[in-house]
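Here is how the chains run, residue by residue.
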Amino acid sequence: MGLINWYPGHIAKAQATLREKLKLTDFVLELVDARLPWSSRFDVTRSLLGEKSRIVVFTKADLAETSKTQRWLSYYRGQDIAAVVLNAQTGQGLAPLRQMMLAEAQKIDERMRTRGRLPRASRVMVVGLPNVGKSSLINKLAKKRAAQVGDKPGVTRDVRWIRIEKSLELLDTPGIIPPRLEDQELALKLAMAGSVSTESYDPVLVAPAALDLLLACAPRLSFDWPEPGLIGYARARGILAPGGGPDEPRAARMLMQDIRAGSFGPVSLDPDPPVEGTSA
């Protein structure tokens, strides 16, 4: 049994609905967490989307290393995949993304006119990990609170169209994640990014592994803690149980929260993209 056991029944059920809605969709915004530019693009997502035209959107760019994000951006563009880096909090990347979407919508409009069909708003499906920022992005693009937002996976449970421009409608969807996570390193990364529910693992077991991976991904980090690991973090933060010893359960939950929030600085959890001529 792995450290993280995840079976999101509502998400697995929603994927069948997404397959049906995809038939009505003109193109896709595929959101990936900038900390996980490869790991957050699952085989199930590729299978679901097939050859559908898409724009890859790197979200939460402020939590990832800028240089590594740029290398991944170049990699995807080198694969003839339209891609843009986004920070929904500051608005960075929103204007270029909107222009890319409008350009794609114009192509669709021209194809419809060529076929003698009346133009309509292009339908765009927004897909990606749970808690990757789909609803936040839709609200930014719509310039209003059109989609429900929450700092935990699984907030969006249904699918619905949201008009953001005269020529664009977005479909807010539940997060896509494999029904089972056999790869525990991948599961750990998703927990660190906040894309799996905290109810799917014991933080006391997972937090030390997350801290080890964090330090492996960002060797520059050094913590002036009285002791290494979770106990040192607990003592440094003053997270103590009655009697003065470290409160490991509470410390583990807070450590995972700090990692998810980027409290230790920007860290990319995936390695660099493959060199030209190889595949990831």
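Scroll up a little and you will see the structure.
So, how was this worked out
Residues numbered from 1 in each chain as written. Predicted model: local features only at pLDDT ≥ 70, side-chain atom pairs only at ≥ 80, totals over all residues. Heavy atoms only, no water. Helix = DSSP H or I, 4+ residues; strand = E, 2+ residues; numbered from the N terminus. Buried < 20%, exposed > 50% of the residue type's maximum accessible area, 1.4 Å probe, protein only. Contact = heavy atoms within 4.5 Å. Areas by Shrake-Rupley, 256 points an atom, 1.4 Å probe, with all protein chains shown as cover. Polar contact = N/O pair within 3.5 Å; in protein donor to acceptor, adjacent residues only side chain to side chain. Pairing = 2+ DSSP bridges. Axes fitted to C-alpha atoms, helices over the stretch in contact; angles between N-to-C directions. Parallel < 35°, antiparallel > 145°, perpendicular 65-115°, else oblique.

Asker: How should the overall build of the protein be read in this particular structure?
Answerer: Helix and strand counts for the protein come out as nine helices and six strands. When the 280 residues of the protein are sorted by exposure, 49% land in the buried category. When contacts within the protein are restricted to residue pairs at least 6 apart in sequence, long-range pairs at least 24 apart make up 69% of them. A total of about 13600 Å² of accessible surface is found on the protein, and carbon and sulfur atoms cover 49% of it.

Asker: Can you help me understand the side chain of Asp-172 in this one?
Answerer: You can see Asp-172 is positioned in strand 6 (residues 168–172). The class for Asp-172 is buried, based on a relative accessible area of 2%. A polar atom in the side chain of Asp-172 sits 3.1 Å from the side chain of Ser-135.

Asker: Help me out: how do you make sense of the sheet that holds strand 2 (residues 54–59) in this one?
Answerer: Backbone-to-backbone hydrogen bonds join strands into a sheet, with any given pair of strands oriented parallel or antiparallel. Read across the open sheet, the six strands follow the order 3-2-1-4-6-5; overall the sheet is mixed. Taken across any chain shown, the strands that pair with only one partner, and hence form the sheet edges, are strand 3 (82–85) and strand 5 (160–165). Shown here is a sheet whose adjacent strand axes are inclined to one another by a mean of 25°, direction ignored. With five bridges joining them, strand 4 (residues 122–128) and strand 6 adopt parallel strand pairing. Residue pairing for strand 6: Ser-122 is matched across the bridge by Leu-168. Packed on one face of the sheet, helix 3 (residues 66–78) meets strand 2 and strand 3 and runs near 165° to strand 3. Lying on the sheet, helix 4 (residues 94–114) is in contact with strand 1 (27–33), strand 2, strand 3, strand 4, strand 5 and strand 6; it crosses strand 1 at an angle near 155°.

Asker: What exactly am I supposed to notice about the packing of helix 6 (residues 184–193) against helix 7 (residues 203–217) here?
Answerer: Think of two packed helices as two axes; the pair is described by the angle between the axes and how far apart they sit. At a minimum axis separation of 10 Å, helix 6 and helix 7 run at an interaxial angle of 90°. Classified by the interaxial angle, the pair formed by helix 6 and helix 7 is roughly perpendicular. Side by side, helix 6 and helix 7 meet where Leu-188, Lys-189 and Met-192 of the first sit next to Val-206, Ala-209, Ala-210, Leu-213 and Leu-214 of the second.

Asker: I'm lost on the environment of Asn-87 in this one. Help?
Answerer: Along the polypeptide, Asn-87 turns up in the loop between strand 3 and helix 4. A sequence separation of 28 residues divides Asn-87 from Thr-59, and the C-alpha atoms of the two residues are 6.0 Å apart. Excluding residues that lie within four positions of it along the chain, Asn-87 makes contacts with Asp-62 and Gln-92.

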